[in-house]
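The lines below spell out each chain.
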Amino acid sequence: MTKGREQNAAGNENLGQGVDTRSTAAGTGPSGTSSRAPSHAERARTLARAARFGSLATMARDPEGFPYASLVALATDARGRAVLLLSRLAEHTQNLLARPEASVLLLESPIVGDKLLEKGRVTLIGPCTAVPPEEVPECRALFLAAHPDAATYADFADFSHYRIEPRTLRYVGGFGRMSWVDAADYARAEPDPLAEFAPRILGHMNDDHASSILAYARKLAGIGDATSAQMIAVDRFGIEMAVETPAGERRVRLAWDAEVRTREEARKALIEMAGRAGEGED
């Protein structure tokens with residue numbers, strides 16, 4: 001397995017990342033070229049920036065050599081590193097003091113519904129060590145911004161800030177979308193600017209504009225026998241849809257004509273896309 005290369009569920013390199021890539025820019029119709037999509041490093045950074053809790057795995061002292069998993073609160077810094085506030089009395093902290101090797105599993109939010117395995121998740125793997133004294137004020141401010149309630153115990157003598165420095169990462173974006181991500185690529189990657197607004201955009205489109213989404217599938221993605229469609233993702237490069245057909249469900253992606261970075265730009269792009277999808281309708 002080559003780390004840093006995107007793979008499908010079978011472990012094969014797959015630039016389409018598990019999504020039908022026949023559609024390119026919205027309104028152009030089927031094409032043999034894959035549409036632009038966030039890289040796995042970018043997807044991992046987007047997911048990590050939003051994460052507030054994770055499952056921390058440390059190397060147990062007793063029973064020795066076994067992974068010990070625990071729930072922790074966290075925040076991520078400008079390089080995507082996980083910052084934690086841990087009590088010296090906690091079992092995971094004692095494990096870290098003996099051996100710093102650790103990993104933390106972060107899950108895409110919101111975590112709702114019965115399709116949990118279709119949600120994105122990323123595991124950051126690397127040493128987890130105490131934050132150097134000169135960097136503690138910055139990490140403290142970062143952590144308390146994410147967890148204001150922690151101010152009631154952040155200054156207790158037994159609490160200290162720790163940080164995971166990723167050596168490598170494993171990203172899984174649901175079935176058929178997974179890879180090892182290079183730590184340097186992850187640190188350089190930009191979190192998606194639409195992530196904050198994505199849940200509201202998706203909810204609005206699926207609740208109030210189902211007919212437009214179906215038109216996107218039929219007219220722009222070229223799936224003429226589509227019976228229904230739902231928007232399942234939106235990012236600065238485009239949208240993804242789950243499309244029902246008589247032959248079963250298909251996942252497709254449509255790219256914006258130009259990169260979209262704000263909620264208002266996304267609204268305008270979706271309206272333009274709807275206009276294109278309506279051209280030539282009977």
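Refer to the structure printed above.
The notes below deal with the structure included here. Just so you know, these numbers come straight off a predicted model, no measurement behind them.

1. A few points about the sheet that holds strand S11 (residues 238–245)
- The strand order across the open sheet built from three strands is S10-S11-S12, with neighbouring strands paired in antiparallel fashion. At either margin of the open sheet sits one strand with a lone partner, and together these are strand S10 (228–235) and strand S12 (248–255). Ignoring strand direction, the axes of neighbouring strands in this sheet form an average angle of 20 degrees.
- Together, S10, S11 and S12 form the strand contacts of helix H6 (residues 210–220), whose direction differs from that of S10 by roughly 90 degrees.

2. Digging into helix H7 (residues 263–278)
- Along its 16 residues, H7 runs 23 Å from first to last C-alpha, staying within 8% of the 22 Å computed at 1.5 Å per residue.
- Among the residues of H7, those classed as buried are Ala-266, Ala-269, Leu-270, Met-273 and Ala-277. Take H7 and look down its axis: the buried residues cluster within an arc of 100 degrees, on one side only.
- Taken together, the buried residues of H7 touch helix H5 (198–208), H6, S10, S11 and S12.

3. Details of the pairing of strand S7 (residues 159–164)
- Relative to S7, strand S4 (residues 82–87) runs antiparallel, the two being bridged by six bridges. Looking across to S7, one finds that Leu-84 is bridged to Tyr-162.
- In the sheet, strand S6 (residues 121–130) pairs with S7 via three bridges, with the strands oriented antiparallel. Across the sheet, residue Ala-130 finds its bridge partner in S7, namely Tyr-162.

4. Notes on the packing of aromatic side chains
- This structure, assessed with the given rule, holds two aromatic pairs.
- Between Tyr-153 and Phe-159, the aromatic rings sit 5.0 Å apart at their centres with planes inclined by 45 degrees, giving tilted as the arrangement.
- Arranged with centres 6.4 Å apart and planes meeting at 65 degrees, the rings of Phe-156 and Phe-159 form a pair that is edge-to-face.
- Ring pairs connect the aromatic residues Tyr-153, Phe-156 and Phe-159, which therefore count as one cluster.
- A cation over an aromatic ring shows up here: Arg-36 above the ring of Phe-237, its NZ or CZ 4.1 Å from the ring centre.
- The ring centre of Tyr-186 lies 5.5 Å from the NZ or CZ of Arg-45, which sits over that ring.

Rules behind the numbers
Residues numbered from 1 in each chain as written. Predicted model: local features only at pLDDT ≥ 70, side-chain atom pairs only at ≥ 80, totals over all residues. Heavy atoms only, no water. Pairing = 2+ DSSP bridges. Helix = DSSP H or I, 4+ residues; strand = E, 2+ residues; numbered from the N terminus. Axes fitted to C-alpha atoms, helices over the stretch in contact; angles between N-to-C directions. Contact = heavy atoms within 4.5 Å. Expected span 1.5 Å × (residues − 1). Buried < 20%, exposed > 50% of the residue type's maximum accessible area, 1.4 Å probe, protein only. Arc of directions from axis to C-beta. Phe/Tyr/Trp six-rings, centres within 6.5 Å; stacked < 30°, edge-to-face > 60°. Lys NZ or Arg CZ within 6 Å of the ring centre and 35° of its normal.

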